[in-house]
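Coordinate inspection notes
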Amino acid sequence: MDCLFCKIIAGEVPSTKVYEDDMVYAFKDISPVAPVHYLIIPKEHISGASEINEANSKYVAHIFEVAARIAKSEGFENGFRIVTNCGEDAGQTVHHLHFHLLAGKKMGWSADSAV
Ligand code: 5GP
Ligand code: ZN
C-alpha cells in the first residue's frame with residue numbers, strides 16, 4: 001500500500017518523533033500551522049475518521065490518552081486543540097487517520113480554519 005504515514009511508521013520516510021508506543025506514533029508536522037503542531041497516528045492503517053468502528057476505536061481512545069500525556073509533559077498549560085480532517089470537504093490530504101495536536105498560541109474558531 002502506498003501510504004505516506006505507514007512509511008513514516010516503518011521508518012522509510014524520516015520524521016521527528018515526539019512519542020511512540022506499540023499502538024501509536026506521534027511526530028512533528030512538516031508544515032506547522034501553530035508553534036506546536038504534532039500528528040498522532042495509529043500504527044494500524046485506518047484511512048480516516050469515517051472508518052472508525054468497534055474493532056479499531058481503541059486507537060482513538062489511546063490517541064487521546066497520549067495527547068493528554070504530551071500536553072502535561074510539555075506544559076501546554078494554556079490549552080491545546082485536537083483536530084482530525086476527514087474527506088474532501090474537510091481537506092484531508094493524507095488518507096491514514098491522524099489527529100493534529102496544536103498548541104502554543106491563542107486560537108480562533110472557524111470551520112474554515114483550525115487555527
Ligand atoms: P491533513 O491535511 O490530511 O489533515 O493533514 C496532513 C498533514 O500531514 C498536514 O498538516 C501536512 O503538513 C502533514 N504532512 C504531509 N506530508 C508530511 C511528511 O512527509 N512529514 C510530516 N512530518 N508531515 C507531513
Ligand atoms: Zn497508512
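On to the pairing of strand E4 (residues 80-83). Covered by surrounding structure in E4 are Arg-81 and Val-83 only, the residues Phe-80 and Ile-82 on the alternate face being uncovered. Judged from the four bridges that link them, E4 and strand E5 (residues 99-103) form a sheet pairing that is antiparallel. Note on E5: the bridge partner recorded for Val-83 is His-100.

Ordered by their spatial adjacency, five strands build an open sheet running E1-E2-E3-E5-E4, and the pairing between neighbours is antiparallel. Sheet topology places strand E1 (17-20) and E4 at the edges, where each strand pairs with a single neighbour. Each adjacent strand pair in this sheet contributes to an overall mean axis angle of 20°, direction not counted. Pairing of E1 with strand E2 (residues 24-28) involves three bridges; the strand directions are antiparallel.

Counting 20 residues, the largest nonpolar core has Val-24, Ile-40, Ile-70, Phe-76 and Leu-101 as the members making the most contacts within it. Secondary-structure elements contributing two or more residues to this core are E2, strand E3 (36-42), helix H2 (57-74) and E5. At seven residues, H2 tops the list of elements feeding residues into this core. Residues in contact with Val-24, not counting those within four places in the same chain, are Tyr-19, Ile-40, Ile-41, Pro-42, Lys-43, His-62, Ile-63 and Val-66. Core analysis: the next-biggest nonpolar cluster, separate from the first, contains eight residues, Ile-8, Tyr-25, Phe-27 and Val-94 among them.

Time to look at the site of ligand 1. Not every one of the 16 residues close to ligand 1 is listed here, only the nearest: Lys-28, Asp-29, Asn-85, Thr-93 and His-100. Between ligand 1 and Val-94, the relevant distance is 3.1 Å, taken from an oxygen atom to a main-chain nitrogen or oxygen of the residue. About the coverage of ligand 1: the protein hides 82% of its 520 Å² of free accessible area. At the level of elements, helix H1 (4-10) and E2 are the ones that each hand at least two residues to the shell around ligand 1.

The rules behind the values
- Residues numbered from 1 in each chain as written.
- Chains lettered and ligands numbered in written order.
- Predicted model: local features only at pLDDT ≥ 70, side-chain atom pairs only at ≥ 80, totals over all residues.
- Heavy atoms only, no water.
- Buried < 20%, exposed > 50% of the residue type's maximum accessible area, 1.4 Å probe, protein only.
- Helix = DSSP H or I, 4+ residues; strand = E, 2+ residues; numbered from the N terminus.
- Pairing = 2+ DSSP bridges.
- Axes fitted to C-alpha atoms, helices over the stretch in contact; angles between N-to-C directions.
- Core = buried A, V, L, I, M, F, W, Y, C linked by side-chain atoms within 4.5 Å.
- Contact = heavy atoms within 4.5 Å.
- Near = heavy atom within 4 Å.
- Polar contact = N/O pair within 3.5 Å; in protein donor to acceptor, adjacent residues only side chain to side chain.
- Areas by Shrake-Rupley, 256 points an atom, 1.4 Å probe, with all protein chains shown as cover.

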